[in-house]
Amino acid sequence: MRIANLADRLVILVSRGSGDSQSSHDLAVDVEKASGGKFAADPQSIYHRWEDFVGWASTAELPTGEAFDPADLGSPAPTPRQVLAIGLNYRAHAAESGFAAPTGEPPVFTKFSSCIVGPYAEVTLPPGGHTDWEVELVAVVGRRAFQVSAQDALQHVAGYAVGQDISERTLQMAATPPQFSLGKSLPGFGPVGPWLTTLDELEDPNDLWLRCAIDGQQVQSSRTSELIYSVPELVAKLSASIPLLPGDVIFTGTPSGVGLGQSPQRWLQPGEELVSSIEGLGELRNRFVAAS
Ligand code: ZN
């Protein structure tokens, strides 16, 4: 199943025709209307009733659905209570960042939830900044997880989406020691989408091709099988310390190819379009504009 946030209303996406997952071929079924009010329209609230919802959706006779404009899609988890993010979770990215790959515990930081935007959001570049890109697999929590094992972890995950951990490097590194969270939480710095895909839709949820391109030039390309800490391991490690709550968002780390690691270093410029995609999950298209 794929669910989406269409103009702040929860929808189920249904492929029209040949199983093509392009949004232009999808139809949207409004969940509140189709369920006769059993489930609310607010996309974030569905994670509190995730198992009920999945049960209903698997047996309900859904209407055909309606065509929609992909530009109206918001984040499938627009207002999470917690947004956790992992640093240095691919070896080649740790190397390009000048760090040894983590052993033991993964580096964890937060993106404040006000940065979460939809898959086609326009993002304002801060003046004088060094704004960088980081395509990432995002997991959304579907069931409260506290001190769960890696073996049980995926039972607590509602699904996956594409994320961009946009990062203002000057601000990220400004404090001593560096404090990542503000530089990674500026307005629009957390695009997530284009929808949420449940794991049963994926042939191998542990091995997905993820990549990103700027104005058609590919800058990142890797596979989630290269993650140092897999999603089950991350859920186990994070939930060992804090409860993960329904609707929480986990950014799992970026592969190599960020602007910070290039020589010379390269930053996003006004007018550029960043396309971030993950096999089976769709793509984000975010254009950058100068601060006015
Ligand atoms: Zn990141």
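This is a predicted model, so every value here is computed, not measured.

## As for a nonpolar patch on the surface
- Together, F112, L171 and L182 line one region of the surface with nonpolar side chains, adding up to about 280 Å² of accessible area.
- Its place among the elements puts F112 in the loop between strand 6 (108–110) and strand 7 (116–117).
- Take F112: its relative accessible area is 41%, and that puts it in the partly exposed class.

## So, the nonpolar core
- Membership of the largest hydrophobic core comes to 68 residues, with the highest contact counts inside it found for I3, I12, Y47, W50, F53, Y160 and V235.
- Here this core spans two domains, and each of domain 1 (2–70) and domain 2 (74–290) adds at least three residues to it.
- Sequence-distant contacts of I12, defined by excluding residues within four places in its chain, comprise M1, R2, I3, L27, A28, V29, V31, F53, W56, A57 and L62.
- Core analysis: the next-biggest nonpolar cluster, separate from the first, contains 8 residues, L6, A28, L73 and W195 among them.

## What to know about the side chain of D132
- Relative to the helices and strands, D132 is located in strand 9 (residues 131–132).
- Of the polar contacts made by the side chain of D132, one reaches the backbone nitrogen of L260; its length is 2.8 Å.

## With respect to the pattern of salt bridges
- In this structure the tally under the stated criterion is 16 salt bridges.
- Taking the shortest distance from any N to any O, the salt bridge between R9 and D30 comes out at 2.6 Å. Of this pair, R9 sits in strand 2 (residues 9–15) while D30 sits in strand 3 (residues 26–30), placing them 21 residues apart in sequence.
- Across the pair R266 and E272 runs a salt bridge whose closest N-O atoms are separated by 3.4 Å.
- Bridged by salt links that share partners, the residues K111, D132, E134, D165, R169 and K184 form one connected network.

## A word on the domain arrangement of the protein chain
- Taken domain by domain, the protein chain holds domain 1 (2–70) and domain 2 (74–290).
- For domain 1 versus domain 2, the separation of C-alpha centres amounts to 24 Å.
- The partner domain 2 presents 21 residues to the 15 residues of domain 1 that form the contact.
- Carbon and sulfur atoms supply 56% of the area that domain 1 and domain 2 bury against each other, a total of about 1500 Å² over both sides.
- Sorting the residues of domain 1 by area buried against domain 2 places R2, Q44 and Y47 first, and these three jointly supply 41% of that buried surface.
- Linking domain 1 with domain 2 are 1 salt bridge, by the criterion used here.
- Among the ionic pairs, R143 bridges to E51, the shortest N-O distance being 3.5 Å.
- Where domain 1 touches domain 2, the interface holds 7 residue pairs in polar contact (both at pLDDT 80 or more).
- Elements with a contribution of two residues or more to the side of domain 1 that touches domain 2: strand 1 (2–6) and helix 2 (50–59).

## Side note on the coordination of the zinc ion
- Surrounding the zinc ion are the protein donor atoms E134 (OE), E136 (OE) and D165 (OD), at 1.9 to 2.1 Å.
- Donor residues for the zinc ion sit on one chain with the sequence pattern E-x1-E-x28-D. Highlighted residues: E134 in the loop between strand 9 and strand 10 (135–141) and D165 in the loop between strand 11 (157–164) and strand 12 (167–168), separated in sequence by 31 residues. D165 matches E134 in its accessibility class, with the two residues each being buried.

Thresholds applied
- Residues numbered from 1 in each chain as written.
- Predicted model: local features only at pLDDT ≥ 70, side-chain atom pairs only at ≥ 80, totals over all residues.
- Heavy atoms only, no water.
- Patch = residues over 30% accessible without salt bridge, like charges linked within 9 Å, V, L, I, M, F, W, Y side chains within 5 Å.
- Areas by Shrake-Rupley, 256 points an atom, 1.4 Å probe, with all protein chains shown as cover.
- Salt bridge = Lys/Arg side-chain N within 4 Å of Asp/Glu carboxyl O.
- Helix = DSSP H or I, 4+ residues; strand = E, 2+ residues; numbered from the N terminus.
- Buried < 20%, exposed > 50% of the residue type's maximum accessible area, 1.4 Å probe, protein only.
- Core = buried A, V, L, I, M, F, W, Y, C linked by side-chain atoms within 4.5 Å.
- Domains from an automatic or database assignment.
- Contact = heavy atoms within 4.5 Å.
- Polar contact = N/O pair within 3.5 Å; in protein donor to acceptor, adjacent residues only side chain to side chain.
- Buried area = accessible area lost by both parts, 1.4 Å probe.
- Donors = N, O, S within 2.8 Å, 3.2 Å for Na, K, Ca; no water.

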